[in-house]
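In case you want the letters, here they are:
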Amino acid sequence: MDHFPGTHWGKPRNDNIDAYGTYPLHAHQPRTDAFADGVQRTQQPVVTGASVLALKYKDGIMMAADNLASYGSLARFKDIQRASGDMADFQQLKHILDTLLIEQFVQDDGHKFGPTEIYEYLSRLMYGRRSKMDPLWNSLLVGGFKDGKSFLGYVDLLGTTYSAPTLRNWVWRYIAQPLLRKSVEGREDTLTEEEAVKILEGCMKVLFYRDARSLNKYQIAAVTEKGIWISDSRSVETEWAFAEGIRGYGAQTQ
Amino acid sequence: MNSGYDLSSSTYSPDGRIFQVEYANKAVENSGTAIGLRVKDGVVLALEKLVHSKLLVPGTNRRIQTVDRHIGIATAGLLADGRHLASRAFDESLNYRETYRSEPPLSAIAERLGLYVQAYTLYSSVRPFGISAILGAVDKDGPALYVVEPSGIYYGYNGAAVGKGRQLAKTELEKLKLSELTTREAVFEAARIMHLVHDDSKDKEFELELSWIGAETNGLHLPVPKDLFEEADKKGRDALDADMED
């Protein structure tokens, strides 16, 4: 008979881990390390999201992300909200963060996580997972506003972190960063909301022109004193007439 | 008197009773009253926290706790048992989220807590919980209210009362048209009932605890905000004074 509610009750006995029902069970669960099943092949992201941009402006932080989730080079899902790296890992991240926030809500002790605390937690989580050779395949931009101060931070699947007035994510998408730097750096405290939207629209347009893993359908989010605002999906005017004159790519014969 | 049949909850008396569970109910009956109202668009929990010493910091030892964003629990009985059960309810709620990746309905949490509490009536090595817990939530099916008793039994209610003043509180709850009240109106009724059932001659001081879940809280379980609390508290007290003069 089992007389130990705190350690056993409600937890099924697991013969795989503990064939002899040792006491207390939870203290004897062996940790499995990264090499328990032999060395695994390098993992890779499957369904991925691409461009995410963020910048600081007068009232806070503004971010933009398109609605595409790609399966390799196939534009697989075209109405996804906020993508960055592997979509499944991103959903897992959202779940972990949600759990953390519920724990905090239930405590009901008057403390609240600000953007810096969330960012620190995420960076430790990302670094912890890469150290287990099991990274969450995302790069994250964390933007927030608390106590009159805006915050913008970057963390990726290696646990690398940095802060800057403008950020864009993912390894080879260097296209938008120079544009953002040129139009934002040094003007973070004077940029208005309209100007910030214009800059992001410009960047999303260039990204759509030059990045084959992007979609001309995106959302903009602003984090200010008033809270978080996320726009509906929108798109920018594009001009493709020039493409007619281009020769030398693809299947043309002349 | 009970000839040894009350020493363990794993022993029945010859007439089929489990005395340890009945004693646990006594522990609940000695506690300050807790009530729950399930109304049109939300749930209100209210509690009479008896203050046994003037030296205590006001607002400590709260007996209404939050289990999940949308679930609250009010316990009558042993304070520590209430904390333990709330902590277990929180674990169950997270476990439900891990498994089903969605917000747990209160029925699922009440069922799991019922099973957990019942397990403590089966063994000689443990004692039953000395609490009755009122669980309130607004979930996907709307407002919900459950009471889990020391035996592990649990029922759904429109209005529930446990603890010292439960008889009077139940009579008052029965007079209300609960399905027609708004959550805000229910806050006032709850405060009024708590003042009414408080026995001034036996217990001197008490702190009122009020929490609500509804449209006005965006479906979150939150303490009633200060201004509304004070208004409801004052109205409840005034109603009692008016009653006395009659």
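A brief structural summary. The structure displayed is predicted, hence computed values, not measured ones.

### Here we look at the sheet that holds strand 2 (residues 52-57) of chain A
Pairing between sheet strands relies on hydrogen bonds along the backbone, with the strands arranged either parallel or antiparallel. Residues and elements named next belong to chain A. Judged by pairing direction, the sheet is antiparallel, and its five strands sit side by side in the order 10-2-3-11-12 without closing on themselves. Edge positions in the open sheet fall to strand 10 (166-168) and strand 12 (227-230), since each of these has one partner strand only. Taking the axes of each pair of neighbouring strands and ignoring which way they run, one obtains an average angle of 15° across the sheet. With seven bridges joining them, strand 3 (residues 60-66) and strand 11 (residues 218-224) adopt antiparallel strand pairing. Across the sheet, the residue bridging to Met63 is Ala221, located in strand 11. Together, strand 2 and strand 10 form the strand contacts of helix 3 (residues 176-184), whose direction differs from that of strand 10 by roughly 165°.

### Observations regarding the interface of chain A and chain B
Contacts between the two partners involve 16 residues from chain A, matched on the other side by 21 residues from chain B. Our count for the contact surface shared by chain A and chain B stands at three salt bridges. Remark: the boundary between chain A and chain B carries four residue pairs in polar contact (both at pLDDT 80 or more). Classifying every residue of the side of chain A that touches chain B by side-chain character gives seven nonpolar, five polar and four charged.

### Notes on unusual backbone geometry
Glycine aside, residues mostly have negative phi, and peptide bonds are mostly found in the trans state. Residues and elements named next belong to chain B. Positive phi, normally seen in glycine, also occurs at Asn61, with a value near 50°. Here Asn61 is to be found in the loop between strand 2 (42-50) and strand 3 (64-68). Relative accessible area serves as the criterion here: at 29%, Asn61 is assigned to the partly exposed category.

### Here we look at the pattern of salt bridges
This structure, assessed with the given rule, holds 25 salt bridges over all chains. When the shortest N-O distance is used, the salt bridge between Arg127 of chain B and Asp81 of chain B registers 2.8 Å. Placement of Arg127 of chain B in the loop between helix 3 (106-119) and strand 5 (131-139) and of Asp81 of chain B in helix 2 (residues 79-100) is noted, with a sequence separation of 46 residues between them. Residue Arg127 of chain B is classed as partly exposed on the basis of its relative accessible area of 46%. Look at Asp81 of chain B and you get buried, because its relative accessible area is 9%. Across the pair Arg88 of chain B and Glu92 of chain B runs a salt bridge, and its minimum N-O distance is 3.0 Å. Taken as a pair, Arg88 of chain B and Glu92 of chain B lie in helix 2 at a separation of four residues, close to a single helical turn. By the burial criterion, Arg88 of chain B is buried, and Glu92 of chain B matches it. Overlapping salt bridges, with partners in common, bring together Asp98 of chain A together with Asp68, Arg69 and Arg97 of chain B in one network.

### A short note on a nonpolar patch on the surface
Together, Trp240, Phe242 and Ile246 of chain A make up a nonpolar patch on the protein surface, roughly 290 Å² of accessible area in all. Mapped onto the secondary structure, Ile246 of chain A falls in the segment after strand 12.

Conventions we followed
Residues numbered from 1 in each chain as written. Chains lettered and ligands numbered in written order. Predicted model: local features only at pLDDT ≥ 70, side-chain atom pairs only at ≥ 80, totals over all residues. Heavy atoms only, no water. Pairing = 2+ DSSP bridges. Helix = DSSP H or I, 4+ residues; strand = E, 2+ residues; numbered from the N terminus. Axes fitted to C-alpha atoms, helices over the stretch in contact; angles between N-to-C directions. Contact = heavy atoms within 4.5 Å. Salt bridge = Lys/Arg side-chain N within 4 Å of Asp/Glu carboxyl O. Polar contact = N/O pair within 3.5 Å; in protein donor to acceptor, adjacent residues only side chain to side chain. Nonpolar A, V, L, I, M, F, W, Y, C, P; charged D, E, K, R; others polar. Buried < 20%, exposed > 50% of the residue type's maximum accessible area, 1.4 Å probe, protein only. Patch = residues over 30% accessible without salt bridge, like charges linked within 9 Å, V, L, I, M, F, W, Y side chains within 5 Å. Areas by Shrake-Rupley, 256 points an atom, 1.4 Å probe, with all protein chains shown as cover.

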